[in-house]
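Survey of secondary and tertiary structure
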Amino acid sequence: MTFPLSGVRSFPNLWKCSPYFGLSPGHSYFFLTDYCGVRNQQRWFSLKRMSPQSTKATNVPIAKARYLRKGEEGSNKQMSFDSPHLFAAGAAKRRSQMNPQSKDHVLSPVKNSSIQLPEKPLDSKEWDKLKEDFQGKANFENWISSQMARCHSPINVAKSLLAWVAAKNNGIVGYNLLVRYLYLCVFHKQTSEVIDVYEIMRARYKRLESGGYSLLIRGLMHSDRWREAVMLLEDIKKVMTPSVKNYNDCIQGALLHQDVNTAWNLYQELLGHDLIPMLETLKAFFDFGKDIKDDHYSKKLLDILLYLRNNQLYPGESFAHSIKTWFESVPGKQWKGQFTTIQKSGQCSCCGKTIESIHLSPEEYEFLKGRIIRDVIDGGDQYKKTTPQELKRFENFVKSCPPFDIVIDGLNVAKMFPKARESQVLLDVVSQLAKQNLQLLVLGRKHMLTQRFRWRKDEMEKVQKQASCFFADDISEDDPFLLYATLNSGNHCKFITKDLMRDHKACLLDIKTQRLFFKWQQGHQLAIINRFPGSKITFQHILTYDTVVQTTGDSWHIPYDEDLVERYSYEVPTKWLCLHQKT
Ligand SMILES: [Zn+2]
């Protein structure tokens, strides 16, 4: 066994006298498992989780601040006409800011504040002193190294800690400390230090845990030893499926070093594992593509766009720019890209083309209806939501009525305007819709017929004259009834509730059905955005077009997420990249 110590720079007295270097690989492995039991791994993983967020975390307060300022401008207007669409990116965020609950996730201060993290390298006496001052129950070395990793301490400070630990322990530094040091080297992009730690780990351990591998891969991909990162990926594969991050790092490394075949092969492998690639990975292919004039490569990039379409994924702002730049770089095709929005009519404001309709095809509709009835309404927890008797009573009731045009969640709608009486609001909504000759169904609870103050009897009677009504037991959940009645009435039927029904989406087993449900919901859920005293209710228009990556061959329309707008999973972007060929 050769010792790579000659290549290790600037580790004064570190590891030189380690007795472990002389042991067989089997012993090294024992050493690893010994020092790196399950508990320690969990500690490590919790550390790892914060690392990729580190840059983003610093940006969030800025985004928040900007958003708050935006929000403040409109906060006195209550809900006005220019309020964002129910499903528009950022709308939920804005809604939550109307009922502000300060939920700022500021990093908690360093616990055990008797200790100040050192800003300069310490000598062993100073480390001894610091350890004496430490009052926590935890192991000092473990605690201080994790705090240093957490606060991104400078490399030389961390190194002086390792030197001190090594000097006390015959040159041995535990795995956890080593990995945290590696984390700092990767974080500070100190590639030569990464390589040093890599050599030490290689010499000492036969296998690492996935956190160590992931850091090494990330650290090595920028160096000319990036192929060894790909070999580490092979090592991970022996025990588990590598993460999308591991693939991302290797693919970026391969592209950085002009090895396109390796990059595509890794990408195929990633898809083969049913992993969803990071958008960063896909962006890297586009960025690299602008210097490549090769039809085969272009075809693969278009496949990536279709992948985004099929998986209802949206690029971020900088990825959208990369896509635009790549299209415009294709020789001879004269692509022109512009950032734009889509009009209510579903036409692109830039080129005037009509965006794909939100409406489900008859096949999609039947498929979704079947799945919702099976998974949500008749699903395993049916008894929790309602009793079978009540469900049967409801089914018979629906069968006895003509198909409805609009199904109203009575309780939810009535509580939409807290200052007004519930039965008055419900009556206003029902009266206004009934004037348009629409077949209405109001779903309610039995208590709505008995309470005198919030639910006036005369108003409820007027509601019942203008709409079919079904009053469920007070303990039942309304949504399954709402979904059933709406779907059973057909593709034209809309529904009104403020509820976004995320729980039901979660009940649907596969991603395809979840996406169809979301598409159906966007096309069928009516939102009330205003009510004037009397009866005038303003409904928000329903999106007529589908927010998804799409092409007609000579044009592409690609919705994208803006950097500063926080979009929830049940919202869709409002900004688009329009690409068309100049004629
Ligand atoms: Zn367009």
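This text follows the structure it describes.
Since the model is a prediction, treat every value here as computed from it, not as a measurement.

1. Quick look at a negative patch on the surface
There is a patch of like negative charges on the surface, built from Asp123, Glu126, Asp128 and Glu132. With respect to the helices and strands, the residue Asp123 is situated in the loop between α4 (91–98) and α5 (124–133).

2. A look at the sheet that holds strand β6 (residues 525–526)
The strand order β4-β3-β2-β5-β6 describes an open sheet built from five strands, whose pairing is parallel. Where the open sheet ends on each side, the last strands, each with one partner, are β4 (468–472) and β6. Taken together, the two bridges between strand β5 (residues 494–496) and β6 define a ladder with parallel strand orientation. Bridging across to β6, Ile496 finds its partner in Leu526. Of the strands in this sheet, β3 (440–445) and β4 are in contact with helix α22 (residues 457–466), which crosses β4 at around 120°.

3. Looking at the coordination of the zinc ion
Six octahedral donors around a metal ideally subtend angles of 90 or 180 degrees, whereas four tetrahedral donors ideally subtend 109.5 degrees. Those donors, Cys348 (SG), Cys351 (SG), His557 (NE2) and Cys578 (SG), are the protein atoms that reach the zinc ion, and they lie 2.0 to 2.3 Å from it. Here the zinc ion is ringed by four donor atoms whose angles at the metal span 103 to 114°, and the overall shape comes out tetrahedral. If you list the donors of the zinc ion from N- to C-terminus, the spacing comes out as C-x2-C-x205-H-x20-C. Placement of Cys348 in the loop between β1 (335–340) and α17 (362–377) and of His557 in strand β10 (residues 555–560) is noted, with a sequence separation of 209 residues between them. There is no split in this pair, since Cys348 and His557 are both buried.

4. Section: unusual backbone geometry
Despite not being glycine, Asp274 has its phi angle at roughly 60°, a positive value. Summarising the element assignment, Asp274 is placed in the loop between α13 (260–272) and α14 (279–289). Unlike most non-glycine residues, Gln312 shows phi in positive territory, near 45°. Along the polypeptide, Gln312 turns up in the loop between α15 (295–310) and α16 (317–329). Taking the relative accessible area as the measure of exposure, Gln312 reaches 18% and is therefore buried.

5. Remarks on the packing of α13 against α14
At their nearest, the axes of α13 and α14 sit 12 Å apart, and the two run at 155° to each other. As far as their axial angle goes, α14 and α13 are roughly antiparallel. Considering the relative orientation of α13 and α14, their crossing is left-handed. From α13, Val260, Ala263, Trp264 and Tyr267 reach across to α14, where they touch Leu282, Phe285 and Phe288. Within the contact of α13 with α14, the residues separate by chemical class into seven nonpolar, no polar and no charged.

6. What to know about empty space enclosed by the protein
Under the counting rule described, the total for this entry stands at two cavities of 30 Å³ or more. In this structure, the largest cavity encloses a volume near 50 Å³. Lining the largest cavity are Ser145, Met148, Ala158, Leu161, Leu162, Leu177, Arg180, Tyr181 and Leu184. For the lining of the largest cavity, the elements supplying multiple residues, two or more each, are α6 (140–150), α7 (155–168) and α8 (175–187). For the lining of the largest cavity, the element with the most residues is α8, which contributes four residues. Classifying every residue of the lining of the largest cavity by side-chain character gives seven nonpolar, one polar and one charged. Empty space within the second largest cavity amounts to approximately 40 Å³. Lining the second largest cavity we find Ala89, Tyr560, Asp561, Glu562, Val565, Arg567, Pro573, Thr574 and Lys575. When its residues are assigned to classes, the lining of the second largest cavity shows four nonpolar, one polar and four charged.

7. So, the pattern of salt bridges
Within the structure shown, the criterion is met by 27 salt bridges. Here Glu422 ties to Arg454 by a salt bridge, and the two come within 2.6 Å at their closest N and O atoms. Of the two residues, Glu422 sits in helix α21 (residues 422–434) while Arg454 sits in the loop between β3 and α22, which places them 32 residues apart along the sequence. In this structure Arg454 comes out as partly exposed when scored by relative accessible area, which is 28%. Via salt bridges that share partners, Glu199, Arg202, Arg225 and Glu228 belong to a single interconnected network.

8. Some thoughts on the packing of α8 against helix α10 (residues 210–220)
Where α8 meets α10, the axes come as close as 10 Å, and the angle between the chain directions of the two elements is 30°. In terms of their interaxial angle, α8 and α10 are classed as roughly parallel. Read as a crossing pair, α8 and α10 show a hand that is left-handed. The segment α8 lies against α10, with Tyr175, Val179, Leu182, Tyr183 and Val186 engaging Gly212, Leu215, Leu216, Arg218 and Gly219.

9. Focus: the environment of Asp196
Looking at the element boundaries, Asp196 is found in helix α9 (residues 191–204). Taking the relative accessible area as the measure of exposure, Asp196 reaches 2% and is therefore buried. Linking Asp196 and Leu182, residues 14 residues apart in sequence, is a C-alpha distance of 9.4 Å.

10. Some points on α8
In this model, α8 (13 residues) spans 18 Å end to end at C-alpha, consistent with the 18 Å of a helix rising 1.5 Å per residue. Counting buried residues in α8 gives 12 out of 13 residues, a clear majority hidden from the surface. Taken together, the buried positions of α8 are occupied by Tyr175, Asn176, Leu177, Leu178, Val179, Arg180, Tyr181, Leu182, Tyr183, Leu184, Cys185 and Val186. Looking at the residues trailing α8, positive phi occurs at Lys189, about 55°.

About the criteria used
Starting from 1, residues in each chain are numbered consecutively following that chain's sequence as written. The predicted origin of the model limits local features to residues at a pLDDT of at least 70 and limits the giving and counting of side-chain atom pairs to 80 or more, whereas totals for whole chains, interfaces and linings rest on all residues. The basis for every side-chain value is the complete set of non-hydrogen atoms in the structure, without hydrogens or water. Patches here: salt-bridge-free residues with over 30% relative accessible area, like charges joined within 9 Å, nonpolar side chains (Val, Leu, Ile, Met, Phe, Trp, Tyr) joined within 5 Å. For every accessible area listed, the method is Shrake-Rupley and the probe measures 1.4 Å; residues are considered covered only by the protein chains on display. Salt bridge, as applied in this entry: a Lys or Arg side-chain nitrogen positioned within 4 Å of an Asp or Glu carboxyl oxygen. The convention is simple: Lys and Arg are positive, Asp and Glu are negative, and His and the chain ends are not counted. Every charge is mapped onto a representative atom, which is NZ of Lys, CZ of Arg, CG of Asp or CD of Glu. Strands are runs of DSSP state E lasting at least 2 residues, helices are runs of H or I lasting at least 4, and numbering of each runs from the N terminus. At least two DSSP bridges between two strands are needed for those strands to be called paired. Contacts are assigned to residue pairs that have any heavy atoms within 4.5 Å of one another. A fitted line through C-alpha atoms serves as each axis, taken over the contacting stretch for helices, and the angle formed by two N-to-C directions is quoted from 0 to 180°. In this description, a donor is an N, O or S atom within 2.8 Å of the metal centre, a cutoff extended to 3.2 Å for sodium, potassium and calcium. Water is not part of the atom list, which can make sites seem incomplete. A four-donor site is called tetrahedral if each angle lies between 85 and 135 degrees; a four-donor site is square planar, and a six-donor site octahedral, when trans pairs exceed 155 degrees and the remaining angles lie between 65 and 115; all other cases are labelled irregular. With a 1.4 Å probe rolled over the protein chains alone, any residue whose accessible area is under 20% of its type maximum counts as buried; one over 50% counts as exposed, and the rest are partly exposed. Each angle receives one of four descriptions, namely roughly parallel if under 35 degrees, roughly antiparallel if over 145, roughly perpendicular if within 65 to 115, and oblique otherwise. By definition, turning the near helix anticlockwise from the far helix through less than a right angle yields a left-handed crossing, and turning it clockwise yields a right-handed one. We call Asp, Glu, Lys and Arg charged. Ala, Val, Leu, Ile, Met, Phe, Trp, Tyr, Cys and Pro are nonpolar, and the rest, Gly among them, are polar. A pocket here means an open set of points on a 1 Å grid, computed over the protein atoms alone, that has protein on both sides within 12 Å along at least five of seven lines. A cavity is instead a set of points where a 1.4 Å probe fits but cannot get out; residues with an atom within 4 Å of a point line either one. Grid points are joined across faces, edges and corners, and a volume is the space filled by probe spheres set on the points. Multiplying one less than the number of residues by 1.5 Å gives the expected span of a helix.

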